[in-house]
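Per-entry structural report
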Amino acid sequence: MSRHYDCSDPLERTRGIADAASCLRRGEVVVLPTDTVYGIAADAFTPSAVQKLLDTKRRGREMPPPVLVGSVRAATALIEDLGPYGQDLIDEFWPGALTIICRANPSLSWNLGETKGTVAVRMPLHDLALELLKETGPLAVSSANLSGAPAARTAAEAETMLGEGVSVYLDGGPAGDGRASSIVDLTGSLPKLMRRGAIREDKIRAVCGVLLRDEELGDDEDEDAQWAEAYKDDGYGAAEAVGLEKSAGSGAKEGSAEIPAEPWWEKEDRD
């Protein structure tokens, strides 16, 4: 039977975080609030737990979950290379509603699904989520809803959809304003906006200096639409470069369309 904790009460919060952390270490899944919407979480390094997360959401392995971290240091351990733009984006927007897609550290022993060697990482701006993450380490976290359904903004909404498949519900009150995180792909030579979200495009562009747009740029209206068509057989889709290159060495000019490899990450996962 699922256990519920009202985290507005300090004692319940302490008990809830301890119970949730214990469940996650045992390969179970829990629901927690974030600064965007409620998420369903599993230990990122336990393949059976990640599969349980996907099964609970009724989602396939072709749409793997992003990873939430409790610190920048934890994120950099998961990533092979931030490239020339990643650190600046982290410095400006983390913790917060920006997800970055990077090449995953090849030495990691994990299985999030059909990732094609990449990982989507975010550090949320939510004290309860960060407290749990610092207890557990990186968590695979997807929005706490059935695939195709609206994202849950409360623990009660999440429970209505996910039910007893979740061991612990941490109730931190309404989560954010329901807007998804913005997503930037850093796997190519230039940053590419994959989803419009809580952080405006112009603010991201101001940090990067140049920003490509995915040809099928998503927004946060459809929770489970794919972020991009992964590795098209006929090459990569068109994108628009916006602004000026960050450094003269990159060789890009305003309006150029240098296209990085398109990742597998779903466009509309809220976390």
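Keep in mind it's a predicted model, so treat the numbers as computed, not measured. (Residues numbered from 1 in each chain as written. Predicted model: local features only at pLDDT ≥ 70, side-chain atom pairs only at ≥ 80, totals over all residues. Heavy atoms only, no water.)

Points about unusual backbone geometry
Cis geometry is adopted by the peptide bond preceding Pro95, which originates at Trp94 and carries an omega value of -10 degrees. Relative to the helices and strands, Pro95 is located in the loop between helix 4 (83–93) and strand 5 (98–103). One non-glycine residue, Arg58, lies in the positive phi region at around 60 degrees. In this structure Arg58 comes out as exposed when scored by relative accessible area, which is 64%. The phi dihedral of Lys116 is positive, around 55 degrees, even though this residue is not glycine. Here Lys116 shows up in the loop between strand 5 and strand 6 (118–122). (Helix = DSSP H or I, 4+ residues; strand = E, 2+ residues; numbered from the N terminus. Buried < 20%, exposed > 50% of the residue type's maximum accessible area, 1.4 Å probe, protein only.)

With respect to the packing of helix 4 against helix 7 (residues 201–208)
Interhelical geometry of helix 4 versus helix 7 gives an angle of 130 degrees and a closest axis separation of 9 Å. In terms of their interaxial angle, helix 4 and helix 7 are classed as oblique. With respect to the hand of their crossing, helix 4 and helix 7 are arranged in right-handed fashion. Between helix 4 and helix 7, the contacting residues are Tyr85, Asp88, Leu89, Glu92 and Phe93 on the first element and Lys203, Ile204, Val207 and Cys208 on the second. For the contact of helix 4 with helix 7, the residue count by class is 6 nonpolar, no polar and 3 charged. (Axes fitted to C-alpha atoms, helices over the stretch in contact; angles between N-to-C directions. Parallel < 35°, antiparallel > 145°, perpendicular 65-115°, else oblique. Left-handed = near helix turned anticlockwise from the far one by under 90°. Contact = heavy atoms within 4.5 Å. Nonpolar A, V, L, I, M, F, W, Y, C, P; charged D, E, K, R; others polar.)

Re the packing of aromatic side chains
For the coordinates displayed, the defined rule picks out 1 aromatic pair. With a centroid separation of 5.3 Å and an interplanar angle of 20 degrees, the aromatic rings of Phe45 and Trp110 are classed as stacked. Placement of the pair is Phe45 in the loop between strand 3 (38–43) and helix 2 (47–57) and Trp110 in the loop between strand 5 and strand 6, with a sequence separation of 65 residues. (Phe/Tyr/Trp six-rings, centres within 6.5 Å; stacked < 30°, edge-to-face > 60°.)

As for the side chain of Ser143
Counting through the fold element by element, Ser143 comes out in strand 7 (residues 139–143). Taking the relative accessible area as the measure of exposure, Ser143 reaches 0% and is therefore buried. There is a polar contact of 2.5 Å between the side chain of Ser143 and the side chain of Asn145. (Polar contact = N/O pair within 3.5 Å; in protein donor to acceptor, adjacent residues only side chain to side chain.)

Concerning the packing of helix 1 (residues 10–25) against helix 5 (residues 127–136)
One way to put it is that helix 1 packs onto helix 5 with a least axis distance of 10 Å and a crossing angle of 45 degrees. Classed by the angle they form, the pair helix 1 and helix 5 counts as oblique. Helix 1 and helix 5 meet at a crossing whose hand is right-handed. Residues Arg13, Ile17, Ala20, Ala21, Leu24 and Arg25 of helix 1 pack against Asp127, Leu128, Glu131, Leu132, Glu135 and Thr136 of helix 5. Its residues assigned to classes, the contact of helix 1 with helix 5 comprises 6 nonpolar, 1 polar and 5 charged.

Some words on helix 1
The end-to-end C-alpha separation of helix 1 is 23 Å, in line with the 22 Å expected for 16 residues at 1.5 Å each. Three or more residues of helix 1 are buried, namely Arg13, Gly16, Ile17, Asp19, Ala20, Ala21, Cys23 and Leu24. Gly27, located one to two residues past helix 1, shows a positive phi value of around 90 degrees. (Expected span 1.5 Å × (residues − 1).)

Observations regarding the environment of Asp91
With respect to the secondary-structure elements, Asp91 resides in helix 4. A sequence separation of 116 residues divides Asp91 from Val207, and the C-alpha atoms of the two residues are 9.8 Å apart.

What about the side chain of Thr36?
Along the chain, Thr36 falls in the loop between strand 2 (30–33) and strand 3. Residue Thr36 is classed as buried on the basis of its relative accessible area, which comes to 1%. Within polar-contact distance, the side chain of Thr36 engages the side chain of Arg122 at 3.5 Å.

Here we look at the pattern of salt bridges
In this structure the tally under the stated criterion is 11 salt bridges. Salt-bridge contacts for Asp127 lead to Arg13; the nearest nitrogen and oxygen are separated by 3.8 Å. Of this pair, Asp127 sits in helix 5 while Arg13 is found in helix 1, placing the two residues 114 residues apart along the sequence. Of the charged contacts, one joins Arg205 and Glu201 as a salt bridge, the two residues approaching to 3.2 Å between their closest N and O atoms. Of this pair, Arg205 and Glu201 both sit in helix 7, separated by 4 residues, roughly a single helical turn. Classification of Arg205 by relative accessible area gives partly exposed; the value is 23%. Residue classification places Glu201 among the buried residues on the basis of a relative accessible area of 15%. Connected through shared salt-bridge partners, Arg196, Glu201, Arg205 and Arg213 make up one network. (Salt bridge = Lys/Arg side-chain N within 4 Å of Asp/Glu carboxyl O.)

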